[in-house]
Amino acid sequence: MPSCTRLIRSACLGLAVALSAALAGAPVVAQNGDKPAIAIGADLASQAGTTRLTLTLSRAVEARGFVMERPDRAVIDLPEVNFQLESGTGGRREGLVQSFRYGLFAPGRSRIVIDLAGPATVGRIETATRQRDGAVLLTIPLQRVDREAFRKAAAAADPAPAQARSAAPEPADQRPLIMVDAGHGGTDPGAIAVGGVFEKDIVFGFAQALVERLEAGGRYRVRMTRDRDVFVPLAERVRLARGAKADLFVSIHADSISAAPQVRGATIYTNSEKATDAESAKLAERENRADAAAGVDAAEAPPDIADILQELTLRETRGFSSGFARTLMGQLAPVIEMSSKPHREARFVVLRSPDVPSVLVELGYLSSKRDLEMLQSPDWRAGVTGSMAKAIDLFFTNRATLSRPATTRRSAAIAPVLP
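Fair warning: this is a prediction, and the values are worked out from it, not measured in the lab. (Residues numbered from 1 in each chain as written. Predicted model: local features only at pLDDT ≥ 70, side-chain atom pairs only at ≥ 80, totals over all residues. Heavy atoms only, no water.)

Draft legend 1. Representation of the environment of Glu212 in the model. Here Glu212 lies in helix α3 (residues 199-217). Measuring from C-alpha to C-alpha, the distance between Glu212 and Val222 comes to 8.9 Å, with 10 residues separating the pair along the chain. (Helix = DSSP H or I, 4+ residues; strand = E, 2+ residues; numbered from the N terminus.)

Structure follows, in structure tokens:
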């Protein structure tokens, strides 16, 4: 007898109305239609070495599947899909599926990443129309294979990398350019609070508020590495900052330690090959796995510095980064609870630009009830973004120019991202 786990049913009236409206308002069309398909249900069932993930959709879409190793994952690429699934969908295990996550992967593209409980390949993906209501069922079969067959399938896969938009500077505008980076996004939710709140949503809202505050002052040009709930690879975030010739990179995150809900407070990180402590090293390791969580293999940067000029630039940039971190710490301390070690160092991929001063700010802990309440408070957000903006003002007031070698700046868009 097959074992079937029902993860979500479309009994919710709001979702049923959404599906009915979608089916009544637009016929099944190709994925270049005006509106994305709506997903309102996800089921898992296992039988005889095969586990099937079935999505209930408002219309048919094309899907492409492949597998990846280290860790073992199956990845399903789709056109943009509006996932209206119940909170917690994807968190239960069934057969070959350990868990799965979903979301917007790039503009116009969505992705499902399935964590596998054992080696498996993606079989033929099938689409069928349910007669009683016209909903479309997209069935993704995962078939158990041995390790060697899985390894060959993973090697043969050729997932197309996300094509994020490249930022171009405005040559006539000499104001400093600030790149604000909202951590995680799309298929990568980041840390998850007990109530189901995603880190990616909290930090995106904060990043937007910071951008608005900086733009209101008129002293800076401001850009974001992502301006919606979309996945952007870590190395691409660095490339965007370097390609735009940003003068400062500020990455916004929030941490979580479920085993220690009493731990709270903000921490500012800068890049270093040697972590300040074991806790910082573990955090950097978790953050650096963001690409894998979204079904992307992170390419390792070359280990050697290209020349003495870049080495000197890297040292200078790290000095600027540490200086800004200290200034930021001084401005934040009066308005936000700081951790016991408010400035730490670790090897974060997103902070590895050799010529853009960069910091990563962990605003607090989603595992702390008090921190979570503050992170969701508009008044708290206004106070903290105001203090951050003041720290940025002080940083640039103390430094008329960034003093970066012209050779490095001219090659910034194509130079390797250094470790």
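Draft legend 2. Just the nonpolar core, in detail. Counting 43 residues, the largest nonpolar core has Phe324 and Met388 as its most contacted members. When sequence neighbours within four positions are dropped, the list of residues in contact with Met388 reads Phe206, Leu210, Val250, Ile252, Leu328, Leu332 and Val361. With 28 residues, the next largest nonpolar core counts Leu44, Ala74, Phe83 and Ala154 among its residues. (Core = buried A, V, L, I, M, F, W, Y, C linked by side-chain atoms within 4.5 Å. Buried < 20%, exposed > 50% of the residue type's maximum accessible area, 1.4 Å probe, protein only. Contact = heavy atoms within 4.5 Å.)

Draft legend 3. The pattern of salt bridges, seen in detail. One pass over the structure, following the stated rule, counts 24 salt bridges. For Arg318, the salt bridge identified is with Glu273, shortest N-O distance 3.5 Å. Here Arg318 is found in helix α7 (residues 308-332), whereas its partner Glu273 is found in the loop between β15 (266-271) and α5 (278-288), with 45 residues between them in sequence. Since its relative accessible area comes to 44%, Glu273 is described here as partly exposed. What you see here is one network of salt bridges that share partners, running through Glu69, Arg70, Asp72, Arg147, Glu148 and Arg151. (Salt bridge = Lys/Arg side-chain N within 4 Å of Asp/Glu carboxyl O.)

Draft legend 4. Seen up close, the sheet that holds strand β8 (residues 109-116). One open sheet accounts for four strands, arranged β4-β5-β8-β7; its pairing is antiparallel. The sheet is open, and its two borders are formed by β4 (64-68) and β7 (97-106), each paired with just one other strand. Sheet twist, expressed as the average angle between the axes of neighbouring strands with direction ignored, equals 20°. In the sheet, strand β5 (residues 73-79) pairs with β8 via seven bridges, with the strands oriented antiparallel. Bridging across to β8, Ala74 finds its partner in Ile114. (Pairing = 2+ DSSP bridges. Axes fitted to C-alpha atoms, helices over the stretch in contact; angles between N-to-C directions.)

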